[in-house]
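Chain residues, written in single-letter form:
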Amino acid sequence: MGIVPVYVWNHLLSADNRDGLVARSEQPVLPEEMEKRKMQFRRLQEQDPYLLERLVRLVRIFKAVYCPASLRHIESATLICEFFKLPAPISDGRLDAVDYGNFKGQPISSMKPPHDYVEIAYPGGESWLQCLAVGSHFSRRSSKTRWLPVLLAGQTRAAIRMCAHLCNGIKISDAVDLEVNDPKVPWVYFYKF
């Protein structure tokens, strides 16, 4: 048995995210959002290099960075790795968000609550139970990084929901209703295998 500390870091906004739509996987990060983050990082380099150095040292605990296989997640994870001098992210389809099927590109408000899709798939997509492959990702990592903390970069909503279920034992029907903006929702999990 082992334990993998998993830290979740959000992806940057795509046009769908900005517009309140169910995100399509082919959507890239908005160029202005990417530039905004780069400018913030440059400002930190100029205004407080000491703090930046401490942050870089702190973040070096991650010996592996993983992300979903969609474009906005890879772009976000790559930027995080460049900022903090981490190894290049490894994309893995098992970390992808639930497939919202026919809802992709539609207003988020057009969907029923997530718990309605725990066992029943989103029309043209998959159910939350079908999305549980994230657990197999963490238990099948290489022996070199198996016990070390990892950064799950570029994924949020599905990541915190799956981690709450797989790591904290929250029933999947409750976990899928967690919201990333809730301050009680943790961003650090411990996956036991």
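Residues numbered from 1 in each chain as written. Predicted model: local features only at pLDDT ≥ 70, side-chain atom pairs only at ≥ 80, totals over all residues. Heavy atoms only, no water.

Caption draft 1: Expanded view of the packing of aromatic side chains. One pass over the full model with this rule turns up nine aromatic pairs. Seen from their ring centres, tyrosine 7 and phenylalanine 62 are 5.0 Å apart, and the 70° between their planes marks the pair as edge-to-face. Linking tyrosine 7 in strand E1 (residues 3-9) with phenylalanine 62 in the loop between helix H3 (49-59) and strand E2 (64-67), this pair joins segments that are 55 residues apart in sequence. Considering the side-chain rings of phenylalanine 103 and tyrosine 117, the 6.2 Å spacing of their centres and the 70° angle between planes classify their relative orientation as edge-to-face. Residue phenylalanine 103 is located in the loop between strand E3 (90-91) and helix H5 (134-139), and its partner tyrosine 117 is located in the loop between E3 and H5; the two are separated by 14 residues in the primary sequence. Residues phenylalanine 103 and tyrosine 117 agree in their burial class; the two are buried. Through a chain of ring-to-ring contacts, three or more aromatic side chains come together here, namely Tyr100, Phe103, Tyr117, Tyr122 and Trp128. (Phe/Tyr/Trp six-rings, centres within 6.5 Å; stacked < 30°, edge-to-face > 60°. Helix = DSSP H or I, 4+ residues; strand = E, 2+ residues; numbered from the N terminus. Buried < 20%, exposed > 50% of the residue type's maximum accessible area, 1.4 Å probe, protein only.)

Caption draft 2: Summary view of the side chain of glutamine 27. Considering the arrangement of structural elements, one finds glutamine 27 in the loop between helix H1 (15-18) and helix H2 (31-47). Among all residues touching glutamine 27, those that are not within four sequence positions of it are Ser14, Ala15, Asp16, Leu71 and Arg72. (Contact = heavy atoms within 4.5 Å.)

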